[in-house]
Each structure stands twice: as structure tokens, then as C-alpha cells.
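Structural characterization, general
Below, each chain spelled out in residue letters.
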Amino acid sequence: TGIPSPDITWQFNMADITIDMTKYIVSTSSVVRSDKNNEVTSELIVTTSDTNDAGNYTCQANNSVRNTSMDSVEVVVQFIPNVTISGSDTVTSPDTFQYT
């Protein structure tokens, strides 16, 4: 919240995220509260994820009056493994298999 409304930016592992509307989409809304402060909400959406997307995501808010305010979250991405046997058969966990 604040006056003037803060600008919101996103980072991944301390590097700025380029919002390209394919991999990353940002949804931002602003509401003027009764105390005249502007409340800004921002949501980062990762449209297609893989293990390379695991790491620290940081949301930064700043305006011309106040220093940067930020909050971070660590994201862990887990996938079901694929196992290829003899170059032809593929087994996807949690299926069980025996290879001798």
C-alpha cells in the first residue's frame, strides 16, 4: 500500500523476470482504501514449469517516497521420473518395474 501507488517487479534468483505473457504472466490490481492509500496486489503466474523453475522468487514494491519493500518465497518443483529401458520401453513412476 502507499501513496503514490507502488511499482511492482518480480525477480527469480535475484535476476529480473521478463514478463513475456507466455512463460510468465503477472496479474496486478489496485484498490483505493478508505484511508486514501492505494492497495496493490500482484500475482506471478508461471504457465509452464519444469525443474529449472525451482528457486527463489521475489516480489518488490517501490515508489518515489519509500524504499523498496520485498517478500520472497522458495519454490521447489518436483516431477515424476521417466525411466527408459533398453531404449524402447518407458516406465513412469509410480508404476513399478523390475529390470534384470
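Let me begin by describing the structure that accompanies this report. Every value quoted in this text rests on a predicted model; they were computed, and no experiment measured them.

1. What about unusual backbone geometry?
- We note that Asn13 has phi near 50 degrees; this positive angle belongs to a residue other than glycine.
- Among the secondary structure elements, Asn13 is positioned in the loop between β1 (7-12) and β2 (15-16).
- Phi at Met14 is positive, roughly 70 degrees, even though this residue is not glycine.
- Relative accessible area serves as the criterion here: at 77%, Met14 is assigned to the exposed category.

2. What about the pairing of strand β3 (residues 24-32)?
- Relative to strand β4 (residues 38-46), β3 runs antiparallel, the two being bridged by nine bridges. Counterpart to Ser30 in the pairing with β4 is Val40.
- The hairpin turn running from β3 into β4, its antiparallel successor, is five residues long, and Lys36 in that turn takes a positive phi close to 75 degrees.

Each value, and the rule that gives it
- Residues numbered from 1 in each chain as written.
- Predicted model: local features only at pLDDT ≥ 70, side-chain atom pairs only at ≥ 80, totals over all residues.
- Heavy atoms only, no water.
- Helix = DSSP H or I, 4+ residues; strand = E, 2+ residues; numbered from the N terminus.
- Buried < 20%, exposed > 50% of the residue type's maximum accessible area, 1.4 Å probe, protein only.
- Pairing = 2+ DSSP bridges.

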